[in-house]
Amino acid sequence: MHDSGSSEGERLILGIDLGTTGLKVGVVDLAGSVLDSGQVGIRTRVIGSSGATQDPNEWWDGLVTCCQMIAERGKAPLARVAAVSCTGQWGSTVAVGEGGDALGDCLLWMDARGGSYSARVMGGPIAGYAPLTALRFLRKTGGAPSPRGRDPLGHRLYLREEEPDLYRAAACFLEPVDYLGMRLTGRSAATAGSMILSWLVDIRGMGAAGGRGAARATRLCKYAEDLMAETATDGMKMPELVPMGSVVGTVLPPVARELGIAEGIPVVAGTPDLLSATLGTGAVGDLSAHLAISTTSWISCHVKKKKTDPFRQIATVVGARPGRYLVANNHETAGACLAWWAEQVAGAPAPGGSMDTVRSTQTRTRGREDGRPTLSDLVDEAGQIAPGSGGVLFAPWLAGERSPVEDTRLRGSFLNLGLGTTRASMTRAV
């Protein structure tokens, strides 16, 4: 994408990207040119060694703030927005009440407090799994819930056992992109894409190898009732499934006034950033791989048939391309490591926020009054160090490892430090 002007009266799209460390909003024309954008940091509350939450109300406040920024600059007329859609983090859980309000904080994809409860359902001797249980999930969904709790199953079980009043009051459990869709339209809905890490949607027949057309298979996607029963999932608390790319609803009048856009414009079902990045890289051909580095990182490509390696946490999910599956191999913390290192060394989180605090995102200007380096200073220093970082290695497992071995206890470390090691070589290693 590139910045560009836009012709008078052209229809525009409001795109919302809810990342783990920040929320970004862009106004884009139909050719893909970004007319203007805004960004705010999002605070993550870390609880002990295994809990991580965010306030969904902070997401919404950030969306409103970004729209206000864009409106004040006047480069992208919000009145010409003709559609809205969301992308962002996934594998997180928001408990929503009957009135559509979040009942508490969102349990993030890295929250593993439900691990002991997930282990009772999924646990066993093979890579932590009970083999027959895992196979039943793999056959229908292309993956299986983690026995260590870092997914919506673990979140729901944790809330049911540890916060029973909140669990009973919940009308629905939503992924972040679906929560924003609900706030925009008033409708609680999800797709096979947004529900990937629930591992409850039967995706057989959605690939080229299926006997049905891809579009028809997408329309027929549904929850696997036997898997819902096996995980004690209350179907009444799950969102309805709609096809990916479909219109969930239209923008509610009060929401339109709050955001400065027209009421009644369509809201397209949200997609997790895994699927969005696949299209954004342009690597859409079969077996055309891409590497994405954001808060986490992953390697992915499209395939015709489901290919899953549960022992190395490599799963197959419904693809962004109709008639194709997507191999997903997530590597946990990536860009989050740089945000953490910058804050420890310089008190200057990467733009968009950090894991624990929200501070000014104006961190790229040099020469701070307190004499401490900025993020740009650190990057410039690292640029003077040759590849290899002088032998210094950084193990990036600040939130445990997910692939090729899932281990929530593993933690980050520096290796090969010596008397000659400099801050610059450590930054280069990160």
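**Details of the confidence of the model for the protein**
Step number 1: Taken over all residues, the pLDDT of the protein has a mean of 87, while the share at 70 or more is 89%.
Step number 2: Note on residues 350-367: pLDDT under 50 across the span, and 51 contacts to partners over four residues away in sequence or across chains.

**Side note on the pairing of strand β17 (residues 290-293)**
Step number 1: Covered by surrounding structure in β17 are His290 and Ala292 only, the residues Leu291 and Ile293 on the alternate face being uncovered.
Step number 2: A loop of two residues connects β17 with strand β18 (residues 296-303), the two strands running antiparallel in sequence.

**Considering the pairing of strand β16 (residues 266-272)**
Step number 1: With four bridges connecting them, strand β6 (residues 81-88) and β16 associate as parallel partners. The residue bridging threonine 87 from the neighbouring strand is threonine 271, located in β16.
Step number 2: Where strand β15 (residues 247-250) and β16 come together, three bridges link them in antiparallel fashion. Directly across from valine 247, in β16, lies its bridge partner valine 268.

**A look at helix α11 (residues 335-346)**
Helical geometry: 3.6 residues make up each α-helical turn, so side chains three or four residues apart lie on a common side.
Step number 1: Taking 1.5 Å per residue as the helical rise, α11 with its 12 residues ought to reach 16 Å, and the 16 Å between its terminal C-alpha atoms agrees with that figure.
Step number 2: Of the residues making up α11, those classed as buried are Ala336, Cys337, Ala339, Trp341, Ala342, Glu343, Val345 and Ala346.
Step number 3: The inward-facing, buried residues of α11 contact β20 (325-333), α12 (375-382), β21 (393-395), β22 (413-415) and α13 (423-429).
Step number 4: A positive phi of about 65 degrees marks glycine 347, the residue just after α11.

**Considering empty space enclosed by the protein**
Step number 1: Inspection of every chain in the model, using the stated rule, returns four cavities of 30 Å³ or more.
Step number 2: The calculated volume of the largest cavity comes to roughly 70 Å³.
Step number 3: Lining the largest cavity we find Thr141, Ala192, Met195, Ile196, Trp199, Leu200, Val201, Ile203, Val317 and Val318.
Step number 4: Taken together, the residues of the lining of the largest cavity break down into nine nonpolar, one polar and no charged.

**Regarding the sheet that holds strand β5 (residues 51-54)**
Step number 1: Here three strands make up an open sheet; going across it, the order is β4-β5-β8 and the pairing antiparallel. A strand with exactly one partner marks an edge of an open sheet, and here the two such strands are β4 (45-47) and β8 (106-107).
Step number 2: The pairing of β5 with β8 spans two bridges and is antiparallel. The residue bridging glutamine 54 from the neighbouring strand is cysteine 106, located in β8.

**Let's talk about the packing of helix α2 (residues 115-122) against helix α4 (residues 152-162)**
Two packed helices can be described by the angle between their axes and the distance between those axes.
Step number 1: Following both chains from N to C, one finds α2 and α4 inclined at 115 degrees, their axes separated by 8 Å at the closest point. Looking at the two axes, α2 sits roughly perpendicular to α4. By crossing handedness, the relation of α2 to α4 is classed as right-handed. For the pair formed by α2 and α4, the contact residues are Tyr117, Ser118, Val121 and Met122 on the first element and Leu153, Gly154, Leu157, Tyr158, Glu161 and Glu162 on the second.
Step number 2: Per-class residue counts for the contact of α2 with α4 are six nonpolar, two polar and two charged.

**A look at the pattern of salt bridges**
Step number 1: Across all of its chains, the model carries 17 salt bridges by this definition.
Step number 2: Close ionic contact of aspartate 36 with arginine 73 constitutes a salt bridge, the shortest N to O distance being 2.9 Å. Residue aspartate 36 is found in strand β3 (residues 34-41), and its partner arginine 73 is found in helix α1 (residues 56-73); the two are separated by 37 residues along the sequence.
Step number 3: For arginine 73, a relative accessible area of 40% translates into the label partly exposed.
Step number 4: Between arginine 312 and aspartate 309 there is a salt bridge, and its shortest N-O distance comes to 2.9 Å.

**As for the side chain of lysine 237**
Step number 1: Following the sequence through the fold, lysine 237 ends up in the loop between α8 (225-230) and β14 (240-241).
Step number 2: Among buried charged residues, lysine 237 stands out as having no salt bridge; its nearest opposite-charge side chain is aspartate 234, 4.8 Å away.
Step number 3: Polar side-chain contacts of lysine 237 include one of 3.0 Å to the backbone oxygen of tyrosine 167.
Step number 4: When residues no more than four places from it in sequence are discounted, the contact partners of lysine 237 are Tyr167, Arg168, Ala170, Ala171, Cys172 and Phe173.

**Observations regarding the nonpolar core**
Step number 1: Ranked by internal contacts, the top residues of the largest apolar core, which has 44 residues, are Leu14, Leu23, Trp59, Val84, Tyr179, Leu184 and Ile261.
Step number 2: At seven residues, α1 tops the list of elements feeding residues into this core.
Step number 3: Here isoleucine 261 is in contact with Leu14, Leu78, Val81, Val84, Val251 and Ala256, once residues within four sequence places are set aside.
Step number 4: The next biggest cluster of nonpolar side chains, apart from the first, holds 39 residues, and it includes Met206, Tyr223, Ala224 and Ala328.

Criteria and thresholds
- Residues numbered from 1 in each chain as written.
- Predicted model: local features only at pLDDT ≥ 70, side-chain atom pairs only at ≥ 80, totals over all residues.
- Heavy atoms only, no water.
- pLDDT = per-residue confidence, 0-100.
- Contact = heavy atoms within 4.5 Å.
- Buried < 20%, exposed > 50% of the residue type's maximum accessible area, 1.4 Å probe, protein only.
- Helix = DSSP H or I, 4+ residues; strand = E, 2+ residues; numbered from the N terminus.
- Pairing = 2+ DSSP bridges.
- Expected span 1.5 Å × (residues − 1).
- 1 Å grid on protein atoms, 1.4 Å probe; cavity = no way out; pocket = protein on both sides within 12 Å on 5 of 7 lines; lining within 4 Å.
- Points joined across faces, edges and corners; volume = space filled by probe spheres on them.
- Nonpolar A, V, L, I, M, F, W, Y, C, P; charged D, E, K, R; others polar.
- Axes fitted to C-alpha atoms, helices over the stretch in contact; angles between N-to-C directions.
- Parallel < 35°, antiparallel > 145°, perpendicular 65-115°, else oblique.
- Left-handed = near helix turned anticlockwise from the far one by under 90°.
- Salt bridge = Lys/Arg side-chain N within 4 Å of Asp/Glu carboxyl O.
- Lys, Arg positive; Asp, Glu negative; His and termini not counted.
- Polar contact = N/O pair within 3.5 Å; in protein donor to acceptor, adjacent residues only side chain to side chain.
- Core = buried A, V, L, I, M, F, W, Y, C linked by side-chain atoms within 4.5 Å.

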